[in-house]
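Secondary and tertiary structure notes
If you want the building blocks of each chain, they are given just below.
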Amino acid sequence: LSQSADTKGRRILDRRRGFYGVVTVTEMPAAAAGAEGVVREFVHGGTVHGMQALIPGRERMPTTYFTETGGGFAVLNHPRYRRGQPMRVGLVGTGIGVMLSYCRTNDVYVCYEISPEVAAVARDPALFTFDSGAPGRVEWVMGDARKALEAEAAAGAPRFDVLMIDAFTGDNLPYHLSTREAFALYFERLQPDGILMVNISNWHMDLMPFAKSVSGAFDVAVLGMAGRKDFARLAFSSTFAVYARRPGNISIPPGVRLVDFRSIPDVPIPTDEKGSFNRFVTW
């Protein structure tokens, strides 16, 4: 491991470049509840996509966008989780696998990842252990997630209880994962009581109108959630759109602000053939 440091004084453990950009792993000393260790950070391009507290007792603590006020909300609120039943969860854009912190013994988590460099870092227990330490079954599907989901749909593969789309937080928004046709596929891959969770936290775009357009196009209820930053828990401020055909009883955790979609403008949903995200740019 490297002993060099970045501009913030964090030790650089790993840095590699691939077709989809540069990925970097850094660490800094940390302590919690009297125990000492390190916090490791995963940066892809210019965006932090995950952190892990490698401190005794905190290794599987969900962080960044994926606490109970963010991505974990969909898993924790699913009736199968509440009843202690096995779940099948799909993750489109896995990062270092922070969502795997919710994986239980009989669960199956399927990770769709297009970057070999990202997958290599996430699956290396010398760097991060969300994957290697998961008590359930973790499967990795390499390549374009939409193509993989289409192939699974054609083959009649089991549907998901929760499907997380985490492909919109970086510097570039993948258009082919953001169209009417893509979302039709996401909903098709869900069980009838499934939950689709979309991370729409983005530096440069306000994606709430887009989230509303998806709800209208498919007549599926949407919940807009804005979670606050919590430095002590390594939690980032985040914005998620949660879709469910059977909303049921959803408990809103403390620290979450709900979005009033009545104040959000109506926009057409992009299609494979035609559309643009320029209207959502905020800078």
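Right above here is the structure, for reference.
Report follows, based on the coordinates.

Thresholds applied
- Residues numbered from 1 in each chain as written.
- Predicted model: local features only at pLDDT ≥ 70, side-chain atom pairs only at ≥ 80, totals over all residues.
- Heavy atoms only, no water.
- Helix = DSSP H or I, 4+ residues; strand = E, 2+ residues; numbered from the N terminus.
- Rg over C-alpha atoms; globule rule 2.2 N^0.38 Å.
- Buried < 20%, exposed > 50% of the residue type's maximum accessible area, 1.4 Å probe, protein only.
- Contact = heavy atoms within 4.5 Å.
- Areas by Shrake-Rupley, 256 points an atom, 1.4 Å probe, with all protein chains shown as cover.
- Disulfide = S-S within 2.5 Å.
- Phe/Tyr/Trp six-rings, centres within 6.5 Å; stacked < 30°, edge-to-face > 60°.
- Lys NZ or Arg CZ within 6 Å of the ring centre and 35° of its normal.
- Pairing = 2+ DSSP bridges.
- Axes fitted to C-alpha atoms, helices over the stretch in contact; angles between N-to-C directions.
- Parallel < 35°, antiparallel > 145°, perpendicular 65-115°, else oblique.
- Left-handed = near helix turned anticlockwise from the far one by under 90°.
- Nonpolar A, V, L, I, M, F, W, Y, C, P; charged D, E, K, R; others polar.
- Core = buried A, V, L, I, M, F, W, Y, C linked by side-chain atoms within 4.5 Å.

Here the focus is the overall build of the chain. Tallying secondary structure elements over the chain gives six helices and 12 strands in all. On C-alpha atoms alone, the chain measures out to a radius of gyration of 18 Å, which is about the 19 Å that the 2.2 N^0.38 rule sets for 283 residues. With the C-alpha coordinates of the chain rotated into their principal frame, the extents come out at 50 × 45 × 40 Å. The buried share of the chain, reckoned over its 283 residues, is 53%. In the chain, once contacts between residues fewer than 6 apart in sequence are set aside, the share between residues at least 24 apart is 65%. Entry remark: accessible area of the chain is about 12800 Å², with carbon and sulfur atoms responsible for 52%.

The subject of this paragraph is the state of the cysteines. Within this structure, the stated rule accounts for zero disulfides. Here Cys-103 is not cross-linked by a disulfide; its sulfur's nearest cysteine counterpart is in Cys-111, at 8.9 Å. We classify Cys-111 as buried; its relative accessible area is 0%.

Moving on: the packing of aromatic side chains. Counted by the stated rule, this structure contains nine aromatic pairs. Ring plane angle 80° and centroid distance 6.2 Å describe the contact between Tyr-65 and Phe-66, whose orientation is recorded as edge-to-face. As far as burial versus exposure is concerned, Tyr-65 and Phe-66 are alike and both buried. A centroid spacing of 5.9 Å and a plane angle of 85° characterise the contact between Phe-187 and Tyr-243, whose relative ring orientation is edge-to-face. Taken together, the residues span a long stretch of sequence, with Phe-187 in helix H5 (residues 180-188) and Tyr-243 in strand S11 (residues 238-244) at a distance of 56 residues. By relative accessible area, which is 4% here, Phe-187 ends up buried. Assessed through its relative accessible area of 1%, Tyr-243 is described here as buried. Counting every residue linked through ring pairs, the aromatic cluster contains Phe-183, Tyr-186, Phe-187, Phe-210, Phe-218 and Tyr-243. The side chain of Arg-180 reaches across the aromatic face of Phe-218, ending 6.0 Å from its centre.

So, about helix H6 (residues 208-218). The buried count for H6 comes to nine of 11 residues, which makes it a mostly enclosed element. Those residues of H6 not exposed but buried are Met-208, Pro-209, Phe-210, Ala-211, Lys-212, Ser-213, Val-214, Ser-215 and Phe-218.

Here we come to the sheet that holds strand S3 (residues 35-44). With respect to topology, four strands assemble into an open sheet ordered S1-S2-S3-S4, the strand pairing being antiparallel. In this open sheet, the two edge strands, each paired with only one partner strand, are strand S1 (11-18) and strand S4 (47-54). Each strand axis lies, on average, 20° off the axis of its neighbour in the sheet, ignoring direction. The sheet contact formed by strand S2 (residues 21-32) and S3 spans 10 bridges and is antiparallel. Residue Ala-30 lies in a different strand from S3, and its bridge partner there is Gly-37.

To continue, consider the sheet that holds S11. Pairing in this open sheet of eight strands is mixed, and the strands run S7-S6-S5-S8-S9-S11-S10-S12 from one edge to the other. Where the open sheet ends on each side, the last strands, each with one partner, are strand S7 (137-142) and strand S12 (256-258). Taking the axes of each pair of neighbouring strands and ignoring which way they run, one obtains an average angle of 20° across the sheet. The sheet strands contacting helix H4 (residues 145-155) are strand S5 (88-92), strand S6 (108-113), S7 and strand S8 (160-165), and the helix crosses S6 at an angle near 135°. Packing against the sheet, H6 makes contact with strand S10 (221-227) and S11, and its axis sits at approximately 5° to S11.

Moving on to the packing of H4 against H5. The geometry of H4 relative to H5 is characterised by a closest axis approach of 10 Å and an angle of 50° between their N-to-C directions. Classified by the angle between their axes, H4 and H5 sit oblique to one another. For the pair H4 and H5, the crossing hand works out as left-handed. Residues Arg-146, Leu-149, Glu-150 and Ala-153 of H4 form the contact with H5, whose participating residues are Glu-181, Ala-182, Leu-185, Tyr-186 and Glu-188. Taken together, the residues of the contact of H4 with H5 sort by class into five nonpolar, no polar and four charged.

What follows is about the nonpolar core. Counting 39 residues, the largest nonpolar core has Phe-42, Val-75, Leu-91, Tyr-109 and Met-197 as the members making the most contacts within it. Considering every element that reaches this core, the biggest residue donor is helix H3 (residues 116-122), with four residues. With near-sequence residues (within four places) excluded, Val-75 lies in contact with Tyr-81, Met-87, Val-89, Met-99, Tyr-102, Tyr-109 and Val-162. Core analysis: the next-biggest nonpolar cluster, separate from the first, contains 37 residues, Tyr-186, Ile-200, Val-214 and Phe-277 among them.

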